[in-house]
Amino acid sequence: MIKPLARLLALISIGFTISANAEKFEKDWHTYSNYTDVVSTHVVLDLDINFETKQLKGSIEHHLEYKHKGVQTLILDTRDLDIHKVEAFRAGVWSDTSFKLAERDDVKGSKLTIVLPRMTKRVKVHYNSRPEASGLQWLSPVQTAGKKLPFMFSQSQAIHARSWLPIQDTPAMRVSYEAKIHTAKNLRPIMSAKNDPKWNENGDYYFEMPQPIPTYLIAIAAGNIHYKKMSKQTAIYSEPELLDAAAAEFEDTQAMIDATEKMYGKYRWTDYDLLILPPSFPFGGMENPRLSFITPTVIAGDKSLVSLIAHELAHSWSGNLVTNATWRDLWLNEGFTSYVENRIMEEVFGKDRAVMEQALAYQGLKEELVDLPKADTILHVVIEGRDPDDAFSGVPYTKGQLFLMFLEERFGRDVFDSFLKQYFDDHAFGSIDTRSFTKYIKTNLIDKHSGKVSMAEVKEWITEPMLPANSPRPTSDVFTKVKTHMSSWLSNDTKLSKVPTKNWTVHEWLFFINNLPKDISLKRLNQLDTQFNLTQSTNNEIAHAWLLLNIKRNNPVINTRLADYMITIGRRKLIVPLYKALLETESKRSFTQEIYNKARPGYHPLAQGTIDALFVAKK
Ligand code: BES
Ligand code: ZN
């Protein structure tokens with residue numbers, strides 16, 4: 001009698017968790033996987049990295065946890081994978097099981113349906129990725145710093161893990177993983193996992209990521225990758241040519257960790273290392289756990305661009321510890337991270353710099369808001385049916401950050417900090433969507449300190465387009481001075497040589513260039529260039545701002561430098577606006593096409609996709 005009763009109770013309680021779960025999160029539109037039926041909680045990778053064929057080849061084993069009875073299939077996400085065979089493990093033996101790979105959807109890829117014999121606890125998929133995998137880039141030796149050996153790396157966020165791993169590719173779920181990776185002897189792999197700084201003689205490496213992470217954080221790279229320790233928890237991995245410069249540039253990383261721990265609680269991932277990639281890396285950075293992937297374009301020689309490190313580090317709390325449940329909720333990752341990033345910068349580099357960075361971001365957002373479709377200026381954006389990459393903008397970042405700055409302003413820093421710390425603790429190693437966040441903030445902040453912020457205000461921030469009237473509008477006193485000098489030069493009251501630029505920081509230069517009149521004359525532009533040699537600036541952000549302005553003003557003086565910049569750098573944020581501006585003018589099309597023909601083979605598939613689309617749109 002006891003047995004059936006216990007089973008009944010178990011069923012009821014399972015039923016309860018499922019319905020509670022289903023109710024908890026909105027469905028992730030971007031996955032085919034049946035994660036509400038059966039969850040892959042741990043994966044074991046066994047992969048060979050083949051640089052000749054540009055393929056990963058091997059197997060992935062899934063350890064399964066059933067959410068209810070009677071589940072007969074496991075559905076995984078894939079894109080452009082060749083599936084060789086699938087095995088199921090039960091009663092101590094592996095045996096083949098049948099599977100079906102559906103037709104490819106442009107956004108989601110191909111659904112892989114695997115038949116689960118009863119009681120299957122583990123499933124192993126044998127497969128290979130294809131050279132065109134959207135989540136991998138294969139670099140030839142000339143694209144590296146050393147020029148002698150090839151390099152490869154993954155970029156899985158948002159939905160590219162499925163192009164190199166057949167997996168339940170949703171940020172609503174988490175897996176721990178282990179991996180056996182084989183490469184050529186002179187090329188070393190590393191992963192977003194525990195890394196052993198030593199090279200192995202035989203090309204066999206073993207990795208382990210014991211903490212459960214969403215699949216978009218599974219990452220791999222391989223190349224002539226060397227190691228330099230910076231501090232107790234931090235180190236650089238990169239080609240040997242960049243090791244010293246990177247270690248000097250990013251030497252404050254430990255101080256950043258210490259500062260964040262003080263504000264928001266313990267760093268839960270043991271070590272925090274940086275992998276410096278070749279310049280075609282399409283992003284500034286990617287917060288792969290234990291090992292952020294970083295563009296070399298921020299190694300400026302003066303630490304002026306290290307807010308990028310603060311940003312990727314901040315994701316160790318907002319994003320990696322507490323994860324957006326769907327890609328509609330990206331602002332919960334990026335807005336929180338931009339806010340925490342700025343707090344770290346304030347702690348480590350002081351208030352002036354932090355405020356300048358706020359002001360630059362705010363200006364950037366305001367310009368972006370003018371061009372974006374209204375619907376895309378909403379934090380809780382609708383992206384059903386769209387590729388999350390296409391909906392990408394400054395909105396989740398800077399509007400999200402401004403929302404948190406608004407809350408900080410109203411509640412005071414102490415109250416808001418302890419709320420945030422509690423939020424990270426309460427959701428650690430879990431996901432959250434916008435709806436659950438709204439409930440959480442109501443209970444834990446709004447109602448607790450009533451009279452400061454209304455739920456109507458919260459909802460306006462989250463669900464309405466553009467910026468609310470009560471938005472913070474950061475301005476910097478340092479920039480106000482720059483503006484005064486600029487104005488008196490422009491009105492001929494001061495000579496350019498008298499403008500006190502000697503001690504200007506990179507931020508002041510960026511503000512200066514970005515705020516020059518949109519119709520500035522070529523004469524003035526060239527005067528600036530003669531005086532300050534801006535076209536040749538080795539700071540990639542300054543060069544970007546300057547080149548962009550000169551493209552818009554049709555100044556041909558920059559053309560050689562421009563071509564060189566666009567051919568050597570593959571970071572989307574730096575090059576896409578340049579292509580956009582160039583394609584605005586029909587007469588520049590062939591010049592632009594010529595540059596792109598040279599540059600395209602060196603770009604990441606993601607950057608190629610974005611820029612291809614620009615050429616098509618402007619036809
Ligand atoms: N996680 C993002 C990169 C990302 C976002 C990749 C969405 C794919 C989809 C990363 O943390 C990031 O935000 N990088 C920024 C840098 C930052 C300082 C704004 C970048 O790459 O420019
Ligand atoms: Zn980010």
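Preceding this paragraph is the structure being described.
Now for a description of the structure that goes with this document. (Residues numbered from 1 in each chain as written. Chains lettered and ligands numbered in written order. Predicted model: local features only at pLDDT ≥ 70, side-chain atom pairs only at ≥ 80, totals over all residues. Heavy atoms only, no water.)

### Examining the coordination of the zinc ion (ligand 2)
Okay, step 1: Those protein atoms acting as donors to the zinc ion (ligand 2) are His311 (NE2), His315 (NE2) and Glu334 (OE), and they sit at 1.9 to 2.1 Å.
Okay, step 2: The motif formed by the donor residues of the zinc ion (ligand 2), counted along the single chain, is H-x3-H-x18-E. Here His311 is found in helix H4 (residues 307-314), whereas its partner Glu334 is found in helix H5 (residues 330-349), with 23 residues between them in sequence.
Okay, step 3: A residue is classified by how much of its surface remains accessible, and His311, at 7% relative accessible area, is buried. (Donors = N, O, S within 2.8 Å, 3.2 Å for Na, K, Ca; no water. Helix = DSSP H or I, 4+ residues; strand = E, 2+ residues; numbered from the N terminus. Buried < 20%, exposed > 50% of the residue type's maximum accessible area, 1.4 Å probe, protein only.)

### Digging into the sheet that holds strand E17 (residues 272-276)
Okay, step 1: Ordered in space as E15-E16-E17-E19-E18, the five strands form an open sheet in which the pairing is mixed. What marks the edges here is a single partner per strand, and that holds for strand E15 (226-229) and strand E18 (285-286).
Okay, step 2: Note that E15 and strand E16 (residues 234-238) share four bridges and pair antiparallel. For Lys228, the partnering residue across the bridge sits in E16 and is Ile236. (Pairing = 2+ DSSP bridges.)

### A look at the pairing of strand E10 (residues 151-154)
Okay, step 1: Every second residue of E10 is oriented toward a common face, with Phe151 and Phe153 on one face and Met152 and Ser154 on the other, all of them buried.
Okay, step 2: Sheet topology note: the strand E9 (residues 136-139)/E10 ladder contains four bridges and is antiparallel. The residue of E10 that forms the bridge with Leu139 is Phe151.
Okay, step 3: Across two bridges, E10 lies against strand E14 (residues 220-223) in antiparallel orientation. Across the sheet, residue Phe153 finds its bridge partner in E14, namely Ala221.

### Concerning the site of ligand 1
Okay, step 1: Around ligand 1 sit 15 residues in total, of which Gln157, Gly284, Glu287, Glu312 and Tyr397 are the nearest.
Okay, step 2: Interatomic distance of 3.0 Å between a side-chain N/O atom of His311 and an oxygen atom of ligand 1.
Okay, step 3: Within the contact set of ligand 1, an oxygen atom lies 2.6 Å away from a side-chain nitrogen or oxygen of Tyr397.
Okay, step 4: Here ligand 1 loses 89% of its free accessible area of 530 Å² to cover by the protein chains.
Okay, step 5: For the shell around ligand 1, the secondary-structure elements that each account for two or more residues are E18 and H4.
Okay, step 6: Among the elements that line the shell around ligand 1, the one with the most residues is H4, at three residues.
Okay, step 7: Its residues assigned to classes, the shell around ligand 1 shows five nonpolar, six polar and four charged. (Near = heavy atom within 4 Å. Polar contact = N/O pair within 3.5 Å; in protein donor to acceptor, adjacent residues only side chain to side chain. Areas by Shrake-Rupley, 256 points an atom, 1.4 Å probe, with all protein chains shown as cover. Nonpolar A, V, L, I, M, F, W, Y, C, P; charged D, E, K, R; others polar.)

### Brief notes about the pattern of salt bridges
Okay, step 1: One pass over the structure, following the stated rule, counts 27 salt bridges.
Okay, step 2: Note that Lys67 and Glu65 form a salt bridge whose closest N and O atoms lie 3.8 Å from each other.
Okay, step 3: Bridged by salt links that share partners, the residues Glu346, Lys351, Glu408 and Arg413 form one connected network. (Salt bridge = Lys/Arg side-chain N within 4 Å of Asp/Glu carboxyl O.)

### Considering the packing of aromatic side chains
Okay, step 1: Counting across every chain of the model gives 35 aromatic pairs.
Okay, step 2: Ring centres of Trp331 and Phe336 lie 6.1 Å apart, and the angle between their planes is 55°; this geometry places the pair in the tilted category. With respect to burial, Trp331 and Phe336 carry one shared label: buried.
Okay, step 3: Centre to centre, the rings of Tyr423 and Phe424 are 5.6 Å apart; their planes meet at 55°, and the pair counts as tilted. In this structure, Tyr423 and Phe424 share a single accessibility class: buried.
Okay, step 4: In this arrangement the basic side chain of Lys108 is found over the ring face of Trp29, its NZ or CZ atom lying 4.0 Å from the centre.
Okay, step 5: Seen from the ring of Phe89, Arg122 lies directly overhead, with NZ or CZ sitting 4.3 Å from the centre. (Phe/Tyr/Trp six-rings, centres within 6.5 Å; stacked < 30°, edge-to-face > 60°. Lys NZ or Arg CZ within 6 Å of the ring centre and 35° of its normal.)

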